[in-house]
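# Secondary and tertiary structure notes
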Amino acid sequence: MGCWAKLKSSGWAYPTAILSLYGFFANCRVAEPFLTPYLIGPHKNISEEVLTNYLFPIWTYSYLAFLFPVFLLTDFLRYKPLIIVQGLFLITNYILLCFVPGLPAMTFLQVNYAVVTSTEVAYFSYIYSVIPVENYQRATGYLRSAMLAGYTFGATLGQMLVSLAGLDYFYINTITLGIVSVAFLVSFWLPMPQTSMFFKGKKAAAVDCQQEGPQGENRPEEHLIYWSLWWALATAGYVQVFNYIQLMWDHIEPSATSSIYNGGVEAACSLVGAAAAFSVGYIKVTWVVWGELALGLFSAVGSGAVFLMAFTSSIWVCYVGYAIFKSCYMLLITITTFQIASNLSMECYALTFGINTFVALSLQTIITVTVVDEAALGLDIVTQFIIYGSYYAVISVLFLIRGTYTACVNKRCPRPTEAKEPECVAEVIAAERL
């Protein structure tokens, strides 16, 4: 008992292990890839139009309303209470899905889920307040791996239960309810941080926020601004595609009349996206010179993939297009993360993460209000994806121009030898629901 108490009160292994365990169970949502078929089907009997133009936009608006206050409250309360709240609202989420009928309940469900997504910042920030700085990279890798493993396992299990066992979506949701209940119980085992990251009143925090390079040389603010701009712009489009892809799949191949493979596709896409992100650490490229051009090129590929999903009548072609799009985003968000994190302290990186996420969500809200909401255009799903493809095309043109300019300037006036790029830590699941 004495050794157990000592392990809980000191070191980095215990909080990392517990938080990784929580991340696995909280993201092992077996039913999530089948949410749209479940809502459209006989259990909830909600039409595709209501789901697209009324119900799903409520999550976007609620998420935007909660994000900033929750971001501040998370640090003030020192993370653990918000992680417990996230686990509790995950349970509430699946209780509503399983046992409460009617459109009003599903409307409240969107607000409930907005609390879940807005409190994800606590999961991403908690570990940095309880472990030494020299263990940040290893701990982050473990946490990302746990989240990826949970999401992939859940999606795979869901697909097997649907395709092989023929299990009804209701029972898949009850299984998910049991799994997230385990996550809620695990959250109580986390040690309470003794300090917060932003409200600690240290002058050093302000000094650390000065934008200095890995070796102390000053780096221009303009460099970081463009990477953050891509992060915000691209994430807004990515989350829109992620949120509405199941509706596109159901439009091409109605779930009521055919077999669906949403779980298998999501699991495969997560693994492909993880491989793409992980490969960045082994690609010998001077990202300071060529990074912005890469953002433009791969954004163009992503744009083409979204157009492919919009115009195809084959569900398998749509699946492939989604895999390409998601892989491109995961690759690019990893490059962007490296460039920003390598120039900022952990405190300022967390703050930058919050600001970029808030800007991305604000842009996504504007898109939702204009394109999706029934109070405005209320466009059908195919037209929406054409607009999302066009949106990504604009991003690609902007960064192709900027990237070409940056590459030409650096070729003409080469920089001093750059410091070694930081080893890759795949920021994969973080981008799923920013």
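Shown above is the structure to which this text applies.
Across its full length, the chain carries 16 helices and 0 strands. Put simply, the chain has 434 residues, and 56% of those count as buried. Taking as baseline every contact in the chain between residues at least 6 positions apart, the subset at least 24 positions apart corresponds to 86%. When the accessible surface of the chain is split by element, carbon and sulfur atoms take 69% of a total near 18000 Å².

Glancing now at the pattern of salt bridges. Within the structure shown, the criterion is met by 3 salt bridges. Residue Glu32 pairs with Arg29 through a salt bridge whose shortest N-O separation is 3.2 Å. The residues Glu32 and Arg29 share a single accessibility class, namely buried. For Lys326, the salt bridge is made with Glu266, and the minimal N-O distance between the two is 3.3 Å. One end of the pair, Lys326, is in helix α14 (residues 315-341); the other, Glu266, is in helix α12 (residues 262-279), and 60 residues separate them in sequence. Classification of Lys326 by relative accessible area gives buried; the value is 0%.

A contiguous nonpolar surface patch, about 480 Å² in accessible area, is contributed by Phe68, Leu72, Leu351, Ile355, Phe358 and Val359. Mapped by element, the contributors of at least two residues to the nonpolar patch are α4 (48-76) and α15 (346-372). Ranked by the residues each element gives to the nonpolar patch, the list is headed by α15, at 4 residues. Along the chain, Leu351 falls in helix α15.

Overall, the coordinates contain 22 aromatic pairs when judged by the stated rule. Ring centres of Phe34 and Tyr169 lie 5.8 Å apart, and the angle between their planes is 25 degrees; this geometry places the pair in the stacked category. Residue Phe34 is located in the loop between α2 (13-27) and α3 (35-40), and its partner Tyr169 is located in helix α9 (residues 169-187); the two are separated by 135 residues in the primary sequence. Since its relative accessible area comes to 2%, Phe34 is described here as buried. The buried category is assigned to Tyr169, whose relative accessible area is 18%. Clustering of aromatic rings is evident, with ring pairs tying together Trp230, Tyr238, Phe242, Phe325, Tyr329, Tyr391 and Tyr392. Looking at Arg402, its charged tip hangs above the ring of Tyr226, at a distance of 3.8 Å from the centre.

Now for the packing of α4 against helix α6 (residues 103-118). Closest axis-to-axis distance for the α4/α6 pair is 8 Å, and the angle between their directions is 35 degrees. Classified by chirality, the crossing of α6 by α4 is right-handed. Contact residues: α4 offers Val50, Tyr54, Leu55, Phe56, Ile58, Trp59, Ser62, Tyr63, Phe66, Leu67 and Val70, while α6 offers Leu103, Met106, Thr107, Gln110, Val111, Tyr113, Ala114, Val115, Thr117 and Ser118.

This part covers unusual backbone geometry. A negative phi angle characterises most non-glycine residues, just as the trans form characterises most peptide bonds. A positive phi angle, close to 55 degrees, is found at Asn45, a residue other than glycine. Residue placement: Asn45 occurs in the loop between α3 and α4. Even without glycine at this site, Arg78 takes up a positive phi of about 65 degrees. Within the secondary structure layout, Arg78 lies in the loop between α4 and α5 (80-99). Judged by its relative accessible area of 29%, Arg78 is partly exposed.

Moving on to the side chain of Glu32. As for its placement among the helices and strands, Glu32 is situated in the loop between α2 and α3. The class for Glu32 is buried, based on a relative accessible area of 12%. Not counting chain neighbours up to four residues away, the residues in contact with Glu32 comprise Tyr94, Tyr113, Tyr151 and Gln246.

Positionally, Thr176 belongs in helix α9. Accessibility expressed as a relative area gives 0% for Thr176, which makes it buried. Apart from residues lying up to four places away in sequence, Thr176 is in contact with Cys28, Arg29, Val30, Ala31 and Tyr94. For Thr176, the side chain forms a polar contact with the main-chain nitrogen of Val30, separated by 3.3 Å.

Quick look at helix α13 (residues 287-311) now. Taking 1.5 Å per residue, 25 residues should reach 36 Å; α13 reaches 34 Å between its end C-alpha atoms and fits that length. Along its length, α13 reaches its greatest deviation from straightness, about 25 degrees, at Leu293.

This part takes up the packing of α5 against α9. Put simply, α5 and α9 touch, their axes get as near as 9 Å, and they point 165 degrees apart. Between α5 and α9, the crossing angle belongs to the class labelled roughly antiparallel. As for how α5 packs across α9, the hand of that crossing is left-handed. Contacts between α5 and α9 involve Lys80, Ile83, Ile84, Gly87, Leu88, Leu90, Ile91, Tyr94, Ile95, Leu97, Cys98 and Phe99 on the former and, on the latter, Phe170, Asn173, Thr174, Thr176, Leu177, Val180, Ser181, Phe184 and Ser187. Looking at the contact of α5 with α9 residue by residue, the classes come out as 14 nonpolar, 6 polar and 1 charged.

Conventions used here
- Residues numbered from 1 in each chain as written.
- Predicted model: local features only at pLDDT ≥ 70, side-chain atom pairs only at ≥ 80, totals over all residues.
- Heavy atoms only, no water.
- Helix = DSSP H or I, 4+ residues; strand = E, 2+ residues; numbered from the N terminus.
- Buried < 20%, exposed > 50% of the residue type's maximum accessible area, 1.4 Å probe, protein only.
- Contact = heavy atoms within 4.5 Å.
- Areas by Shrake-Rupley, 256 points an atom, 1.4 Å probe, with all protein chains shown as cover.
- Salt bridge = Lys/Arg side-chain N within 4 Å of Asp/Glu carboxyl O.
- Patch = residues over 30% accessible without salt bridge, like charges linked within 9 Å, V, L, I, M, F, W, Y side chains within 5 Å.
- Phe/Tyr/Trp six-rings, centres within 6.5 Å; stacked < 30°, edge-to-face > 60°.
- Lys NZ or Arg CZ within 6 Å of the ring centre and 35° of its normal.
- Axes fitted to C-alpha atoms, helices over the stretch in contact; angles between N-to-C directions.
- Left-handed = near helix turned anticlockwise from the far one by under 90°.
- Polar contact = N/O pair within 3.5 Å; in protein donor to acceptor, adjacent residues only side chain to side chain.
- Expected span 1.5 Å × (residues − 1).
- Bend = angle between axes of the 7 residues up to and from the residue.
- Parallel < 35°, antiparallel > 145°, perpendicular 65-115°, else oblique.
- Nonpolar A, V, L, I, M, F, W, Y, C, P; charged D, E, K, R; others polar.

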